[in-house]
Amino acid sequence: MRWRDYWKDKALFLIFEGCCMAVTCIFLRLTGYEKGNVILLLLFWTLLLLLWMCREYMERRKYFKKTAEILEKMDQRYLLGELMPPSWRLEDRIYQNMIRRSNKSVIEKIRKLEAEQQEYKEYIESWVHEIKAPITGISLLCENGRKEETGAPERFRQISMENAKLENYVDMVLYYARSEQVYKDYLIQSCHLQEMVYDVLERNRFLLIRNGIRAEVNCDEDVFTDKKWLGFIVNQIVLNSVKYKRENSPCISFLAQKTTDHTCLIIEDNGMGIQEKDLPRIFEKGFTGENGRNQKKSTGIGLYLCKKLCDQLGLEIEAQSKAGSYTKIILQFPQNNYISEVR
Amino acid sequence: MHIFVAEDEKTIRRELTILLENAMYQVTAPENFENIPDWITEASPDLILLDVNLPGMSGFDICTSLRQRENTCPVIFLTSRTDSMDELNGMLRGGDDYITKPYQAPILLARIAAVLKRTRGNTEKTSYSYENVRLDLLKCTISCDEKEVELTKNEMKILHLLFMHAGNYVARQDLIESLWDNQIFIDDNTLSVHVTRIREKLRELGRDNFIQTKRGMGYRI
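Residues numbered from 1 in each chain as written. Chains lettered and ligands numbered in written order. Predicted model: local features only at pLDDT ≥ 70, side-chain atom pairs only at ≥ 80, totals over all residues.

Draft legend 1. Structural detail: the overall build of chain B. From N to C terminus, chain B includes eight helices and 12 strands. Principal-axis analysis of the C-alpha atoms places the extent of chain B at approximately 65 × 35 × 30 Å. Buried residues in chain B amount to 29% of all 221 residues. Expressed as a percentage of contacts within chain B between residues at least 6 apart in sequence, the contacts between residues at least 24 apart total 54%. (Helix = DSSP H or I, 4+ residues; strand = E, 2+ residues; numbered from the N terminus. Buried ≥ 20, exposed ≤ 12 C-beta atoms within 10 Å, placed from the backbone. Contact = placed C-beta atoms within 7 Å.)

Laid out in structure tokens, this is it:
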């Protein structure tokens, strides 16, 4: 509350007081009061008025300053109604009551939304677990069907491939739902990169073979991280490589490099690469870029999720690329020197 | 080898049984889940595949109960839950491995083999011979009469597969898939290159036509 604003606000009252003074003076003068006495009366009146108003200004300023401070310090500002400083003024009390009631309805609404969201999230998680049973069933059926003498192995391979896609989409849903609260579901342990990569390649075996992709794995290093989450991240990167592969002899290579303070996992393909102007934005949600638009099957969620999960796990993810030549995704694992020294 | 499968999902149980039987294991898969621990003790299998979400008693409890009876039979948990806490729980209850659904059949078989190998020792065949040509998996060589040639890892795996199906054609696609199962991630062209190299080595041994090609089919020894 500023001095000037306060007086502006009181303008109407001041004009009214001025009028009162004028009318009183005229009346007193007409009833024969002396001029000097009238002036004295006026001066006294004005002084009292000013004093009163200054006092009021100070008091109001203090009250609002305190309220503003509380508001500033608050985490959830919609709880202001509960914390406003007490006041003897009727007006303040009426406003406080109204704010309190308004806040209460906001809080109720938020609680309801939170509960709904939580329920939805829990449902998604249980749904994901339920759907994994039939996916496993289909996968086993295909595996057995493929080996039958009379069967049509090619058909079963195709079903298997589609099933693997399904599995990945289901996984994406699960990780999307969980990406907000990693701390609830991770197990940091020593993870052998080579094994993790083998797992991912195994998962996409049919897809990769069908696309004639060769893979080179050279990453005999251990890192401390959550195996499952990392596997999911690497899986997305591999799927992207397959999606944007080149026509003749496509290849993906996995290379691990260890330096003094971190370990890098470099995943490089010789696919169509990423346009330079698109490169800084590939980790944004919903960004599809030139490649995505040309292929029309990009959703812009895969890499966004990768980035988000990497942030949660404390990993650095970086992309380098040259259009028409290669794409290189680098995952950087911080290395705790203390742990490695103790070991 | 005898494997006990405790899985309540009908389709998965049936297919898992077929898969394991195809891989030359003997399988017991009960359809009701009362007194599973007693059942297991009676069957005394070499390995147990245990679903975590079973009706009645959970897989974790079954494992605990087995360990209390001092049954040391290796246990692999199968589950569709992917919580890390579950995995930890499984290990603490005395499980030997933990596989989440949906699992790939080759991964499952590899894990089973690994657990059995760890608990029983290695019983795999280490050398093969066919028509006087001998493949030694430990020395990584192939020999005929007195002559011997060294093989690279990839060449050895290819020959291993051909020797396992000696006399029959192995389709290129199957060959590539099996190689992927053995962590050799090659494409069609690379396979041709490797086979050509193997042929050259066989020529050194004086066995020119040991590997035959049938267009559109695959290779045979």
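Now, onward.
Draft legend 2. Quick peek at the domain arrangement of chain A. Segmenting chain A into domains produces domain 1 (3–106) and domain 2 (179–342). Relative placement of domain 1 of chain A and domain 2 of chain A: their C-alpha centres are 66 Å apart. (Domains from an automatic or database assignment.)

Draft legend 3. Focus on the domain arrangement of chain B. As far as domains go, chain B holds domain 1 (2–120) and domain 2 (127–220). The gap between the C-alpha centroids of domain 1 of chain B and domain 2 of chain B is 36 Å.

Draft legend 4. Summary view of the sheet that holds strand E2 (residues 26–28) of chain B. All names here are of chain B. Within the open sheet, the five strands sit side by side as E2-E1-E3-E4-E5. Their pairing is parallel. Only two strands of the sheet have a single neighbouring strand rather than two, namely E2 and strand E5 (97–100). Across the sheet, the mean angle from the axis of one strand to that of its neighbour is 20 degrees, orientation sign disregarded. Against the sheet, helix H5 (residues 105–120) engages strand E3 (47–51), strand E4 (75–79) and E5, with an angle of about 175 degrees to E5. (Pairing = 2+ DSSP bridges. Axes fitted to C-alpha atoms, helices over the stretch in contact; angles between N-to-C directions.)

Draft legend 5. Inspection of the nonpolar core at higher detail. Within the largest apolar cluster, 61 residues are counted, with the highest numbers of intra-cluster contacts made by Leu 193, Val 197, Ile 233 and Val 234 of chain A together with Leu 159 of chain B. Apart from the residues within four sequence positions on either side, Ile 233 of chain A is in contact with Cys 306, Leu 309 and Cys 310 of chain A. Judged by nonpolar contacts, the second largest core, of 32 residues, contains Ala 6, Leu 20, Leu 108 and Ile 112 of chain B. (Core = buried A, V, L, I, M, F, W, Y, C linked by C-beta atoms within 7 Å.)

Draft legend 6. Summary view of the pairing of strand E8 (residues 141–144) of chain B. Here strand E7 (residues 133–136) of chain B pairs with E8 of chain B via four bridges, running antiparallel. From the neighbouring strand, Asp 136 of chain B faces E8 of chain B, where its bridge partner is Thr 141 of chain B.

Draft legend 7. Up close: the interface of chain B and chain A. With 32 residues of chain B at the contact, the number on the chain A side is 30 residues. Of all the elements in the fold, those that place two or more residues in the side of chain B that touches chain A are helix H1 (10–22), helix H4 (84–92), H5, helix H7 (172–181) and helix H8 (188–204) of chain B. When residues of the side of chain B that touches chain A are assigned to their parent elements, the largest contribution, seven residues, is made by H1 of chain B.

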